[in-house]
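Residues per chain are reported as follows:
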Amino acid sequence: MGTVNMKYLPDLLRRPLKPRPDNFTPLSRTPWGGTKIAAMKVHLGVSAGTRIGESWEISGHPDFPNRFRIERDGGSIEVPIGEIAAADPAAFYGARNLKRFGPQMPFLAKLLNAEQWLSVQVLPKADYKGLKPWEHSKTEAWTILDAEKGAGIYLGLSEEATKE
């Protein structure tokens, strides 16, 4: 992996950016993961049958930032999305978004494949004091692309749940 000389960045960004096909969260964080994401990415070199819970397709999160492959001089280098954005935040995010969100990636797009039960957590509000400077409170939108027969989403708490 190399770093980009920032004076060459505008020229490099005129070329296609190719995200790495393996921006996956560790299976220790997603033990409920299945094999469908790997099947979708076999043509990109991911082994069929690999268990994957999450593939972070567009991410500037410090734990799992996308690294884009930039073809250059007959070879290629990989550059974290944050490094590309930092070179010219207004051009990368758009001036209006930069003003609204600051110089961090304002969204995360990821694929999930849950083959076991998992829970979705309630996320903090924007004024939550525990958020780190680079963190935002989150609103989420989910789109289900595929579901096995009998799959479902449950909303709420079980009857046994108590305040404690």
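Just so it is clear, the structure is predicted and the values come from calculations on it, not from any experiment. (Residues numbered from 1 in each chain as written. Predicted model: local features only at pLDDT ≥ 70, side-chain atom pairs only at ≥ 80, totals over all residues. Heavy atoms only, no water.)

A few points about the environment of N66
Argument step 1. Its location among the elements puts N66 in the loop between β2 (54-58) and β3 (67-72).
Argument step 2. Residue N66 is classed as buried on the basis of its relative accessible area, which comes to 1%.
Argument step 3. Sequence separation between N66 and R20 is 46 residues; the distance between their C-alpha atoms is 7.1 Å.
Argument step 4. With sequence-adjacent residues up to four places away left out, N66 is seen in contact with P19, N23, W56, E57, I58, S59, V79, P80 and I81.
Argument step 5. Polar contacts involving the side chain of N66 include one to the main-chain carbonyl oxygen of W56, which spans 3.2 Å.
Argument step 6. In this structure the side chain of N66 is engaged in a polar contact, spanning 3.4 Å, whose partner is the backbone nitrogen of I58. (Helix = DSSP H or I, 4+ residues; strand = E, 2+ residues; numbered from the N terminus. Buried < 20%, exposed > 50% of the residue type's maximum accessible area, 1.4 Å probe, protein only. Contact = heavy atoms within 4.5 Å. Polar contact = N/O pair within 3.5 Å; in protein donor to acceptor, adjacent residues only side chain to side chain.)

Some thoughts on the side chain of E54
Argument step 1. Within the element layout of this structure, E54 appears in strand β2.
Argument step 2. Residue E54 is classed as buried on the basis of its relative accessible area of 8%.
Argument step 3. A polar atom in the side chain of E54 sits 2.9 Å from the side chain of W56.
Argument step 4. Within the local environment of E54, its side chain forms a polar contact with the side chain of K110, the two groups lying 3.2 Å apart.
Argument step 5. In contact with E54, not counting residues within four places along its chain, are N23, F24, T25, T30, W32, I37, K110, L111 and L112.

Description of the pattern of salt bridges
Argument step 1. Applying the stated criterion to the full structure yields four salt bridges.
Argument step 2. Note that K36 and D146 form a salt bridge whose closest N and O atoms lie 3.1 Å from each other. Taken as a pair, K36 in helix α2 (residues 36-40) and D146 in the segment after β5 (109-112) lie far apart in primary sequence, 110 residues in all.
Argument step 3. When its relative accessible area of 31% is taken as the criterion, K36 is described as partly exposed.
Argument step 4. Judged by its relative accessible area of 55%, D146 falls in the exposed class.
Argument step 5. With its nearest N and O atoms 2.5 Å apart, the salt bridge here joins K36 to E148. (Salt bridge = Lys/Arg side-chain N within 4 Å of Asp/Glu carboxyl O.)

Structural measurements only, silent on function.
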